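# Structural overview
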Amino acid sequence: FLYDQTGKRKYLTIDERRAFLEAATTASPEVHTFCATLAYTGARISEALAITPGRIDFVERVVILECLKKRKKGVVRVVPVPDELLELIDQAHKIRGIYSSLKPDEPIWPWCRTTAWKEVKRNMRLSGISGPQACPKGLRHGFAVGAIQADVSLNMVRKWLGHSRISTTAIYADAIGAEERNIARKYWSTF
């Protein structure tokens, strides 16, 4: 799940996510906000493309994502995001206040999935990331592995990713290499 058939990693490391976010600052404001939203929420491309101004809560500082893999409409999950992301989105898309140019139910990014995918891939190339992890799903996987490394509970990661079963989320604890050592280091510190 976290590795392809040849044993290559399918998730972005913390350093790769940082490089991805840094490269996004050189893109257009729309691409920058889209890439940052994927990185900070763990959203799937289709879920991010469905975000409207009405799904960004500036008071609670969360993004509300509709879980599009569920069999019924209207199932949402709420993901806390940093204030910097909210300000970035507001500056680029002007969704708050009297200067708002979007309707509350109008998508922030009016792109098709292909355009969104190409923009993420282009940003991966600009940040020097290559391999199976250099894709939107690699961001989602990296979000989960990074959250676990930061000691976020599996239950919270499950909630943020919208998984029905904790066993699906637990797969992200199977990271190896530097990520596994970081997790183990936290355990070793208890001795």
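Our subject in this report is the structure included herewith. Being a predicted model, the structure only gives us computed values, none of them experimental.

Thresholds, definitions, all that
Residues numbered from 1 in each chain as written. Predicted model: local features only at pLDDT ≥ 70, side-chain atom pairs only at ≥ 80, totals over all residues. Heavy atoms only, no water. Helix = DSSP H or I, 4+ residues; strand = E, 2+ residues; numbered from the N terminus. Rg over C-alpha atoms; globule rule 2.2 N^0.38 Å. Buried < 20%, exposed > 50% of the residue type's maximum accessible area, 1.4 Å probe, protein only. Contact = heavy atoms within 4.5 Å. Pairing = 2+ DSSP bridges. Phe/Tyr/Trp six-rings, centres within 6.5 Å; stacked < 30°, edge-to-face > 60°. Lys NZ or Arg CZ within 6 Å of the ring centre and 35° of its normal. Arc of directions from axis to C-beta.

## A word on the overall build of the chain
Helix and strand counts for the chain come out as nine helices and three strands. Starting at the N terminus, the α and β elements of the chain follow one another as α-α-α-β-β-β-α-α-α-α-α-α. What you see for the chain is a C-alpha radius of gyration of 17 Å, in line with the 16 Å of a compact globule of 191 residues. Dimensions of the chain, computed from C-alpha atoms along their principal axes, come out at roughly 55 × 35 × 35 Å. Here the chain holds 191 residues, and the buried ones make up 42% of them. Looking at the chain alone, contacts between residues at least 24 apart form 60% of all its contacts between residues at least 6 apart.

## Quick look at the sheet that holds strand E1 (residues 56–57)
With antiparallel pairing, the three strands of this open sheet are ordered in space as E1-E2-E3. Only two strands of the sheet have a single neighbouring strand rather than two, namely E1 and strand E3 (76–80). Here strand E2 (residues 62–66) pairs with E3 via five bridges, running antiparallel. The partner of Val62 across the bridge, within E3, is Pro80.

## What about the packing of aromatic side chains?
Counted according to the given criterion, the structure contains four aromatic pairs. Here Phe34 and Trp109 contribute two aromatic rings whose centre-to-centre distance is 5.3 Å and whose plane-to-plane angle is 75 degrees, an arrangement assigned as edge-to-face. Of this pair, Phe34 sits in helix H2 (residues 29–41) while Trp109 sits in the loop between helix H4 (83–93) and helix H5 (113–126), placing them 75 residues apart in sequence. Ring pairing ties together the aromatic residues Phe34, Trp109 and Trp111, which thus form one cluster. Here the guanidinium or amino end of Arg96 rests over the ring plane of Phe58, the centre of that ring lying 4.1 Å away.

## Some details on helix H7 (residues 154–161)
Looking at H7, one finds that the buried residues are Val157, Trp160 and Leu161. One face of H7 carries all of its buried residues, which in axial projection span an arc of 95 degrees. Among the structural elements, H2, E3, helix H6 (136–149) and helix H8 (166–170) are those in contact with the buried residues of H7.

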